[in-house]
Amino acid sequence: MAHAALPGICIAFLLYGQKSLLVFLIGAACSGYIATVCIQFIVKHTRIKEDAAIGIVLSVFFGLGIVLLTWINQHEGGNQSGINDFLFGKAASLTGSDVNVLTVTAITMIITILIFFKEFKIITFDRAFAQGIGVPVSLLNGVLMFLIVSVVVIGLQAVGVVLMSALFITPALAARYWTEKLEWMTLLAGVFGALSGVAGAYMSLIAYVPTGPLVIIFATMLFLFSFLFAPKRGLCNKMIRRHIERKKLRSKQLMYKRGEQL
Amino acid sequence: MSYTMWILLTAALVGINCGLIGTFLVLRKMSMLSDAISHSVLLGIVGAYMVSHQLQGVSMLIGALLVGLLTTFLVQLLHQKGVQSDAAIGVVFTCLFAIGVVLISLFADRVHLDVEHALMGEIAFVPWDVLEVGGKSIGPKAVWLLGFVLAINIFVIVFAYKELKISSFDSEMAVTLGIPVVFIHYVLMGMLSLTTVASFDSVGAILVVAMLIVPSATAYLWTDRLSVMLICSAMIGVLASMIGYMGATAFNVSISGAIAVATGVIFFVSLWIAPKHGLLRKWLKKSPA
C-alpha cells in the first residue's frame, strides 16, 4: 500500500501545484484504490497468484511514482523537497502543524475504531457470517481501506515509504502474542507502536541517527521480546510447558511399569 | 562502446539475470521474498563495507549472500514457530533494512552510499565507473559484476535444472524422489541475493523487484513450459530495459523508474493478447460468434 500511494501523491501534486496534505491524501487514496482493483483483477482473471500480482502492481506503481517524482523535480523547480521527504521521511523536521494533523488523525482513528469495533471484528474473523447477518461488508472494507491510506499518507512524512509497512505489521504481530482478544490486541498494538515511536525518537536525539529506522528496530525488539517471553504463546513458556508435560508423562509411564511389575 | 551502449548492456544484463531467477520465484509463489531480500541486502552491503572497506566486487557479493541467506533463515524460523509467512517476511526485512540504514548513517561520512541511491539506483553513472586491468579500461565494473553473476546463475540452472523444476512444481514429489528440497530453496535464495546485489548498485531496489516479478509473470501468461518461460522472461526483461531507457531519455526522468513502468506496460499488453492465457482469447472462447 505504501508503495502504491506514491504515484497518487505525485499526480495530486502535479494537478494542484503545491504541497497540501489533504490533496495528497485524496491522490494517495485514489492510486491505492486503483492498485487494489488491479491486484484483484489480475488474481481473478489470470492464473497469476496473489503474491506475484501484488508484487507486479506495487513495483510498477512505485516505478511510476519515481518517474513522476523525477519529472516533478525537473519541471517544477527546486522547492519540491517536501515531496522527496515522502520517500524517506524526516520525523525531526516535522513542524507544529504536522504534529497537529497527526494528533487529529490519531484521534479520528481511535473514534472510528471505537464506533465500528464490533463490525470490524466480525468482518475480520468471519466475512461470510457478517454478510449473512446483514453487515455492510464492502462499505466497512472501504472505511478500513480509507483509514489505512490516511495513516500511510500521514505517516510517510514521519518515517518514509519503506519503514511504513513495518509500523503496520510489527507492533500488531507483537501484540498477538500477549492476548487472544481483539480488543486487547488493538490496544496493545497501539501502545507498542507508541512505545517504539518514543524510544526511537529519543535514541535518535542522543545518537544522531535517523528516527525511522530506530523506531523500527525498537518495534522489532518488542516483537522479539513478545515472541520469546509472552505468557502462553511465547517460545520460552511453550518450551517450559512441554518440558513439564514430558516429565509428567515419564513419571506416569514409570508408575504404570511399576504397577505391571507388582 | 559508447555511453548509451554500456547503459543498455547493463540494463539488459539485469533483465536477463532477474528474468531467470524471477521465473522460479513466481512459480514457487515466493514473490514477496524478493521484495524482502532486495531490501535486507542493504545490510549485507554495509556490513561488507565495514569489514573490507571497499564497495566493489566480491566482498559485496559475499555480504549480500550471507544476509540474503540470513533473511531466508529467519523468515523460515519465524514461520515454523507459528508466525504467518507474510508477516514474518515483513518483520524480518524491515528490521534488517532499518539496521542497514542506521549503520549507513553512523558511517555516512566514510561510505559513498546513501539510501536514495540504494532505492533508486544510478544506472546513468555506470559507464564512468570502469574496471581497469593493467591501466587499460575494459568496461564498467557493473557489467563485469552482472556478467559474473549471470554465469553463476546459468551454471546453476543448467546444472540443477531437473531438481529446480521438480521442486518448484511439486515439492512433495521432490521430497519422495530424494531431492534435497530445503537445500535447493537456499541455493535459489543465494542466487536471488547475488542477483539482487549485482543489480542493486546500478538499478536500485525497486527496479530489482519489478524486474524479478513482472517479466516472469508475463512469461507465465505466454507459455506452459519452464524452459520457454525462462527464455521468455529473460527476453521480456531485456525488451523492457530497452523501452524503459528510451522512454527515460525522451522524457528526462529516472531510468530505473521508467524501466519498471515499461515492464508494467508489457505485462498489461500481454494480459490481453497472450495466446493461451490472455483475456481476449478467453472472452472469444466464451462467446462463440
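Residues numbered from 1 in each chain as written. Chains lettered and ligands numbered in written order. Predicted model: local features only at pLDDT ≥ 70, side-chain atom pairs only at ≥ 80, totals over all residues. Heavy atoms only, no water.

Stated precisely, the cut-off is as follows: UniProt positions are given in the numbering used here, feature names are shortened, and annotations may be inferred rather than shown by experiment.
The name that an unreviewed UniProt entry assigns to chain B is Manganese/zinc/iron transport system permease protein, with the source organism given as Anoxybacillus mongoliensis. Looking at chain B in UniProt, the text filed under Subcellular location (unreviewed entry) is "Cell membrane". The UniProt entry for chain B carries the following text under Sequence similarities (unreviewed entry): "Belongs to the ABC-3 integral membrane protein family."

## As for the overall build of chain A
Here is the rule we go by: Helix and strand assignments come from DSSP, with helices taken as H or I runs of at least 4 residues and strands as E runs of at least 2, each series counted from the N terminus. Under the scheme applied here, a residue whose accessible area is under 20% of the maximum for its type counts as buried, over 50% as exposed, and between as partly exposed, the area being computed with a 1.4 Å probe on protein chains only. Any two residues having at least one pair of non-hydrogen atoms within 4.5 Å are treated as being in contact. The Shrake-Rupley method, run with a 1.4 Å probe, gives the accessible areas here. Residue values count only the displayed protein chains as cover.
The secondary structure content of chain A amounts to 12 helices and zero strands. For chain A, the succession of helices and strands along the chain, N to C, is α-α-α-α-α-α-α-α-α-α-α-α. Relative to its full complement of 262 residues, chain A shows a buried share of 41%. Residue pairs at least 24 apart in sequence account for 56% of intrachain contacts in chain A once pairs closer than 6 positions are excluded. If you sum the accessible surface of chain A, you get close to 14,500 Å²; carbon and sulfur atoms cover 69% of it.

## Brief notes about the side chain of S199(B)
All names here are of chain B. We apply this condition: Between N or O atoms, a polar contact is any pair within 3.5 Å; within protein, one atom must be a potential hydrogen donor and the other a potential acceptor, and residues adjacent in sequence are included only when both atoms are from side chains.
Tracing the backbone shows S199 in helix 9 (residues 181-222). On the accessibility criterion, S199 (0% relative accessible area) is buried. Polar side-chain contacts of S199 include one of 2.6 Å to the backbone oxygen of T195. Not counting residues within four places of it along the chain, the set of residues in contact with S199 comprises V14, C18, L146, G204 and V208.

## Structural notes on a positive patch on the surface
Short version of the rule: Patches here: salt-bridge-free residues with over 30% relative accessible area, like charges joined within 9 Å, nonpolar side chains (Val, Leu, Ile, Met, Phe, Trp, Tyr) joined within 5 Å. Each reported salt bridge corresponds to a side-chain nitrogen of Lys or Arg within 4 Å of a carboxyl oxygen of Asp or Glu. Only four residue types enter the tally: Lys and Arg on the positive side, Asp and Glu on the negative side; His and the chain ends are excluded. For the purpose of locating charges, the reference atoms are NZ of Lys, CZ of Arg, CG of Asp and CD of Glu.
Side chains of K232(A), K238(A), R241(A), R242(A), R246(A), K247(A), R250(A) and K81(B) sit close together on the surface and give a patch of like positive charge. Considering the arrangement of structural elements, one finds K81(B) in the loop between helix 3 (58-80) and helix 4 (85-106).

## Quick look at the environment of L192(B)
Residues and elements named next belong to chain B. Position of L192 among the secondary structure elements: in helix 9. Residues L192 and S34, 158 residues apart in the sequence, show an inter-C-alpha distance of 7.4 Å. If near-sequence neighbours (up to four positions away) are discounted, L192 is found in contact with I21, L25, S34, I37 and L212.

## Concerning the packing of aromatic side chains
All names here are of chain A. Rule in force here: Only rings of Phe, Tyr and Trp enter the pairing, Trp through its six-membered ring, and a pair is recorded when the two centres are within 6.5 Å. The plane angle decides the type: under 30 degrees is stacked, over 60 is edge-to-face, the rest tilted.
Per the counting criterion, the structure on display carries eight aromatic pairs over all chains. Aromatic side chains F116 and F120 sit 5.9 Å apart centroid to centroid with 55° between the ring planes, which places their arrangement in the tilted category. Take F116: its relative accessible area is 28%, and that puts it in the partly exposed class. Grouped by ring-pair contacts, the aromatic residues Y177, F223 and F227 constitute a single cluster.

## Side note on the pattern of salt bridges
Residues and elements named next belong to chain A. If you walk through the whole model with that rule in mind, you get one salt bridge over all chains. The partner of E183 in a salt bridge is K121, and the shortest N-O contact between them spans 3.3 Å. You can see E183 sitting in helix 10 (residues 182-207) and its partner K121 sitting in helix 6 (residues 117-125), a full 62 residues away along the chain. Judged by relative accessible area, E183 falls into the partly exposed class, the value being 37%. Classification of K121 as partly exposed rests on a relative accessible area of 30%.

## A look at the UniProt feature "transmembrane region" (unreviewed entry) in chain B
Residue and element names in this part refer to chain B. In the numbering used here, UniProt assigns the feature "transmembrane region" (unreviewed entry) to residues 6-26, 57-75, 87-108, 142-161, 173-197, 203-221, 228-247 and 253-274. Spanning residues 6-26, this segment combines 100% helix with 0% strand, and its end C-alpha atoms are found 29 Å apart. Along residues 253-274, the helical share is 86% and the strand share 0%, with 30 Å between the first and last C-alpha atoms.

## Looking at the confidence of the model for chain B
Formally: Each residue carries a pLDDT value, the predictor's own confidence for that position, ranging from 0 to 100.
For chain B, per-residue confidence averages 78 on the pLDDT scale, and residues scoring 70 or more make up 84% of the total. Taken element by element, the predicted model of chain B shows its lowest mean pLDDT in helix 5 (residues 115-120) of chain B (57) and its highest in helix 10 (residues 226-251) of chain B (86).

## Observations concerning the environment of V215(A)
Residues and elements named next belong to chain A. Topologically, V215 is positioned in helix 11 (residues 211-229). It is 8.9 Å that separates the C-alpha atoms of V215 and L195, two residues lying 20 residues apart in sequence. Among all residues touching V215, those that are not within four sequence positions of it are L167, S196, G197, G200 and A201.

## A look at the nonpolar core
So the rule is basically this: Only buried residues count toward a nonpolar core. Its members are Ala, Val, Leu, Ile, Met, Phe, Trp, Tyr and Cys residues joined through side-chain atoms within 4.5 Å.
In terms of nonpolar packing, the biggest core is built from 122 residues, with I48(A), I56(A), F223(A), V83(B), L212(B) and F267(B) touching the most fellow members. Top element by residues in this core is helix 9 of chain B. It accounts for 23 residues. With sequence-adjacent residues up to four places away left out, I56(A) is seen in contact with I48(A), I213(B), V214(B), A217(B) and F267(B). Among the nonpolar cores identified, the runner-up in size contains 19 residues, and A12(A), V23(A), L68(A) and V149(A) belong to it.

## Focus on the side chain of S241(B)
All names here are of chain B. Relative to the assigned elements, S241 resides in helix 10. Among the polar contacts made by the side chain of S241, one reaches the main-chain carbonyl oxygen of V238 at a distance of 2.7 Å. Look past the residues within four positions of S241 in its chain and what remains in contact with it is L8, A11, A12, M211 and I259.

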